[in-house]
Amino acid sequence: MVRIAAVGDVHAQVGAVPMLKSGFANIANKADILAIAGDLTAHGKAEEAEVLVYILQDVKVPIVLVLGNHDYHLGEQDKIKGVLVKSGNTVLDGETAVFDVGGYKVGFVGTKGFGGGFGIRALPDFGEQIFREMYREGVREANKIRGGLESLAADFRIVLLHYSPIKDTLFGEPPEVYAFLGASIMAEPIDKLGADLVLHGHAHYGTEKGMTPGGVPVRNVAIPTMGRPYAVYPLIR
Ligand SMILES: [Fe+2]
Ligand SMILES: [Fe+2]
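So, here is what we can say about the structure in this document.

Quick notes on the rules
Residues numbered from 1 in each chain as written. Chains lettered and ligands numbered in written order. Predicted model: local features only at pLDDT ≥ 70, side-chain atom pairs only at ≥ 80, totals over all residues. Heavy atoms only, no water. Helix = DSSP H or I, 4+ residues; strand = E, 2+ residues; numbered from the N terminus. Rg over C-alpha atoms; globule rule 2.2 N^0.38 Å. Buried < 20%, exposed > 50% of the residue type's maximum accessible area, 1.4 Å probe, protein only. Donors = N, O, S within 2.8 Å, 3.2 Å for Na, K, Ca; no water. Tetrahedral: all angles 85-135°; square planar, octahedral: opposite > 155°, others 65-115°. Phe/Tyr/Trp six-rings, centres within 6.5 Å; stacked < 30°, edge-to-face > 60°. Lys NZ or Arg CZ within 6 Å of the ring centre and 35° of its normal. Pairing = 2+ DSSP bridges. Axes fitted to C-alpha atoms, helices over the stretch in contact; angles between N-to-C directions. Contact = heavy atoms within 4.5 Å.

## Focus on the overall build of the protein
When its secondary structure is counted, the protein shows seven helices and 11 strands. A compact globule built from 237 residues would reach a C-alpha radius of gyration of about 18 Å, and the protein, at 17 Å, matches this within 12%. When the backbone C-alpha atoms are referred to their principal axes, the protein occupies close to 50 × 40 × 30 Å. Within the protein, the proportion of its 237 residues that are buried is 51%.

Here is the structure:
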């Protein structure tokens, strides 16, 4: 068995450390890896990534992360990534990472993802260039998932996102914002190529548990949705 601890939307900021830091204490007793599903910072400042590193200082298991939309807000996403990587964490943007846990290879494909909506009401590749560019960004993110899953050889395969690939885990959010919270185009490569678990955040007032149309479990791990510092999902063969 492999135990994946997961959390999203930490939104680290200067001056809001103590509760979060204690929330992550002793995680090594409960899980083998910590996955963080984006919105690492509150305002996208690189100094907030330093705060996150401090919050995670006592976590004694490998940490794998993706960025969220907040981390792009000031254009400091590369600096944020740099701070986290320099501290020994794995930050994924279309890449894969494999961790050895108790004789198992645990593989992650990670990327931020994007919005665009769901099913027949998803944003089409039509009309003004700015909307078509939004459509293309969703395709690019879906292709990162596809490329990662095609190359990932592991006993367990986990897709780590910020935006949601399904509608079910958004339930609780106003329907008007669903299209800004995720895109079903990202579920297509997941169902075609297979995965054991999909993690995402971004929908603060959504629902924790859902499933892709092909039956892959999806978990919205945004802190406000879960109401706890992190969840632990066991993966069993
Ligand atoms: Fe967030
Ligand atoms: Fe977000």
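We are not done yet, so read on.
## A look at the coordination of the iron ion (ligand 1)
Listed as protein donors to the iron ion (ligand 1) are Asp9 (OD), His11 (NE2), Asp39 (OD) and His204 (NE2); their distances from the metal cover 2.0 to 2.3 Å. The site at the iron ion (ligand 1) holds four donor atoms, and with the angles between them running 90 to 168°, its shape is irregular. Sequence spacing among the residues donating to the iron ion (ligand 1) works out to D-x1-H-x27-D-x164-H. Here the iron ion (ligand 1) and the iron ion (ligand 2) are spaced 3.5 Å apart, with aspartate 39 acting as a shared donor.

## Some points on the coordination of the iron ion (ligand 2)
Donor atoms from the polypeptide that coordinate the iron ion (ligand 2) comprise Asp39 (OD), Asn69 (OD1), His162 (NE2) and His202 (ND1), at 2.1 to 2.2 Å from the metal. Read from N- to C-terminus, the donor residues coordinating the iron ion (ligand 2) fall into the pattern D-x29-N-x92-H-x39-H. Among the residues examined, aspartate 39 registers a relative accessible area of 1% and is labelled buried.

## Some points on the environment of phenylalanine 171
Here phenylalanine 171 lies in the loop between strand E7 (156–160) and helix H5 (178–181). Sequence-wise, phenylalanine 171 and histidine 11 are 160 residues apart; in three dimensions their C-alpha atoms are separated by 22 Å.

## Points about the packing of aromatic side chains
Going through the model one piece at a time under the given rule, you end up with four aromatic pairs. Look at phenylalanine 99 and phenylalanine 108: their rings are 5.9 Å apart centre to centre, the planes differ by 85°, and that puts the pair in the edge-to-face class. For phenylalanine 99, a relative accessible area of 12% translates into the label buried. Taking the centre distance of 5.2 Å and the plane angle of 65° together, the rings of tyrosine 104 and phenylalanine 156 count as edge-to-face. Of this pair, tyrosine 104 sits in strand E6 (residues 104–110) while phenylalanine 156 sits in strand E7, and the two are 52 residues apart along the sequence. When the ring centre of tyrosine 54 is taken as reference, the NZ or CZ atom of lysine 21 above it lies at 4.2 Å. Across from the ring centre of tyrosine 72, 5.4 Å away, lies the NZ or CZ of lysine 112, which sits over that ring.

## Overview of the sheet that holds strand E5 (residues 96–101)
On the basis of which strands lie adjacent, the open sheet formed by six strands has the order E5-E6-E7-E8-E10-E9 and mixed pairing. Where the open sheet ends on each side, the last strands, each with one partner, are E5 and strand E9 (209–211). Neighbour-to-neighbour, the strand axes of this sheet turn through a mean angle of 25°, independent of strand direction. Two strands pair when backbone bridges link them, and E5 and E6 are joined in this way by six bridges, in the antiparallel orientation. Along E6, the bridge assignment pairs valine 101 with tyrosine 104. Together, E5, E6 and E7 form the strand contacts of helix H4 (residues 129–151), whose direction differs from that of E6 by roughly 160°.

## So, unusual backbone geometry
With phi around 60°, asparagine 26 is a residue other than glycine that occupies positive phi space. By the element assignment, asparagine 26 lies in the loop between helix H1 (18–23) and strand E2 (33–37). Here asparagine 26 falls in the exposed class, since its relative accessible area comes to 52%. Notably, aspartate 39 is not glycine yet its phi reads approximately 50°, a positive angle. Along the chain, aspartate 39 turns up in the loop between E2 and helix H2 (46–55).

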